[in-house]
Amino acid sequence: MTDNINALLRQIPKVDELLAHPQFAGENKTLLTNATRQVLSDLRTGILQSKITSLPTLDELALGISRKLAKTNQPNLQKVINGTGIILHTNLGRAPLAKAAMDAITNSAPGYSNLEYSIPDGKRSSRHIITEDLLTQLTGAEAGMVVNNNAAAVLLALLAVAEKKDVIVSRGELVEIGGSFRVPDVLQQSGSHLVEVGTTNKTHLADYEKAILAANGYYSHGPGALLRVHTSNFIISGFTAKPTLEELAGLAAKHSLPLIEDLGSGCMIPLHEYGIHGQPTVAESVKAGVDVITFSGDKLLGGPQAGIIVGRKDYIAKMKSHPMARAMRIDKLCLAALEATLRLYLDPKLAVQEIPTLKMLCETQDNLFAKAEKLAEKLAPWATVISEVSQAGGGAIPEENFATAAVAINADITAQALEKHFRTGPTPIIGRISKDRFMLDMRTLNEEDFPAIVDEFSAFVRIIKTY
Ligand SMILES: *Cc1c(COP(=O)(O)O)cnc(C)c1O
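Residues numbered from 1 in each chain as written. Predicted model: local features only at pLDDT ≥ 70, side-chain atom pairs only at ≥ 80, totals over all residues. Heavy atoms only, no water.

A. Spatial organisation of the sheet that holds strand β11 (residues 383–390). One open sheet holds the four strands; their spatial order is β11-β12-β15-β14, and the pairing between them is antiparallel. This sheet does not close on itself; its edge strands, each paired only once, are β11 and β14 (432–434). On average, each strand axis in the sheet is inclined to that of its neighbour by 45°, with strand direction left out of account. With eight bridges connecting them, β11 and strand β12 (residues 402–409) associate as antiparallel partners. Across the sheet, the residue bridging to Ser387 is Ala405, located in β12. The sheet contacts of helix α16 (residues 365–379) involve β11, β12 and β15 (437–441), and relative to β12 the element is tilted by about 5°. Helix α17 (residues 415–423) contacts β12, β14 and β15 of the sheet and is inclined by roughly 40° relative to β15. (Pairing = 2+ DSSP bridges. Helix = DSSP H or I, 4+ residues; strand = E, 2+ residues; numbered from the N terminus. Axes fitted to C-alpha atoms, helices over the stretch in contact; angles between N-to-C directions. Contact = heavy atoms within 4.5 Å.)

B. A look at the site of the ligand. In the vicinity of the ligand, the residues found are Arg94, Asn149, Asn150, Ala151, Ile177, Phe181, His230, Ser232, Asp262, Gly264, Ser296 and Lys299. For the ligand, an oxygen atom lies 2.7 Å from a polar atom in the side chain of Lys299. Against a free-state accessible area of 380 Å², the protein chains account for coverage of 94% of the ligand. Sorting the residues of the shell around the ligand by element identifies α7 (150–162) and β8 (259–264) as the ones contributing at least two each. Taken together, the residues of the shell around the ligand break down into three nonpolar, six polar and three charged. (Near = heavy atom within 4 Å. Polar contact = N/O pair within 3.5 Å; in protein donor to acceptor, adjacent residues only side chain to side chain. Areas by Shrake-Rupley, 256 points an atom, 1.4 Å probe, with all protein chains shown as cover. Nonpolar A, V, L, I, M, F, W, Y, C, P; charged D, E, K, R; others polar.)

C. View of the nonpolar core. By size, the foremost hydrophobic cluster in this structure holds 57 residues, and its most contacted members are Leu226, Phe295, Val310, Tyr345 and Leu361. Residue contributions to this core peak at five residues, all from helix α10 (residues 245–254). Composition of this core by domain shows at least three residues from each of domain 2 (81–92 + 359–466) and domain 3 (99–352). Look past the residues within four positions of Leu226 in its chain and what remains in contact with it is Ile168, Tyr208, Ile212, Leu248, Leu251, Ala252, Pro258, Leu259 and Ile260. Val154, Leu156, Ala225 and Tyr315 belong to the second-largest nonpolar core, a separate cluster that totals 32 residues. (Core = buried A, V, L, I, M, F, W, Y, C linked by side-chain atoms within 4.5 Å. Buried < 20%, exposed > 50% of the residue type's maximum accessible area, 1.4 Å probe, protein only. Domains from an automatic or database assignment.)

D. Geometry of the sheet that holds strand β6 (residues 193–197). The mixed open sheet is built from seven strands, whose spatial order is β4-β10-β9-β8-β7-β5-β6. The open sheet has two free edges, formed respectively by β4 (143–147) and β6, since each of these has just one partner strand. Averaged over all adjacent pairs, the angle separating strand axes in this sheet is 25°, with direction ignored. Pairing of β8 with strand β9 (residues 292–296), which is carried by four bridges, proceeds in the parallel orientation.

Set out below in structure tokens:
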């Protein structure tokens, strides 16, 4: 036994022998050598553990090395095709960018820019200026700034404006927004003190006022702010009540307190004419008198990851100069993409055409059916076009289901097996399973991805036929 192992070990080819294999002409020498060493080391281990009892040929080893090399060259962050129908899929990177946003990145990435430099003055400037004019113009607010995401925006607002005092929040708004963003926890981390008012379903203006008066008491930390949180990812319906934003803003003003609103999604324009109702816009909050409004750049706004803060000039100034602002600052490429995305909103019709998130959201079911027919034709006879519903995702518009069209795959194999096959192909195709059928939702599919889907499907049919 050991003799055989020793014999095998002696026959392992030398690294140089494999490097000279014709298959590797033109390969990067360093990467190739690393891959070869790994393959030979695995081989040695396999022989020592008696898992490998005969030596692979040089060609077989070369194939193993090529595979290892291909894996090394493949980025960990890779393209996937989204057939889930969930537009703002947090796990799949939320909002795809508009062409103008990508151009802005491409233009600014390779060189230098006036990120923090005033060209007229020849002096240092602030990156907040890049988007401030657009933000004030689009929302009606006095001032604006940008940080790296909305979670940071909320934290910074609390740090700079509530200043470790009491922050009054309705019990119906103490939400968790996926992952680890929980309003009570963020509040605690900001050093301010949570004062819950009202109940889960009903909170009245008088509840807030009572809490403000109590916060002035001897054992309290003093009233710091009123906080309104947009309950992005769920709805409370039935026997419910809460004061309007105007009422809340009026109460805050009466007591000289800031009203902060975490708006979550940050819808920039009304979408009624596209059949989407009940999404508050940022401008409405400004108009209602909210002092500080925070929202995401990569939810309904459809831009890059960012946290946008608009509101009263004095509060925004405090945030800009807060020591923690630096730790949350937006990166220059995101800023470039954000500016370009905001610029599209100057013409709302253009925004709906050009910003993929809005375009997908506003797409009619008729158009989606036409798209589904095109794909189904290529996949015949294995596909059926069906009427389905899709969701916005990203904790946006939870009350709305959007009528969509999907292509369901018919095959004598479980929906789970199908789902796995498509997910693990060369370009992962992520679909969804509904009523025990695997399907691709047209709302989030790009027609440019049809050839990749058809290719993957052909591979699947070949597998099916060999069963
Ligand atoms: C999504 C969301 C957040 C977190 O925003 P990110 O940009 O993901 O950090 C915070 N609050 C509300 C209400 C949200 O919907």
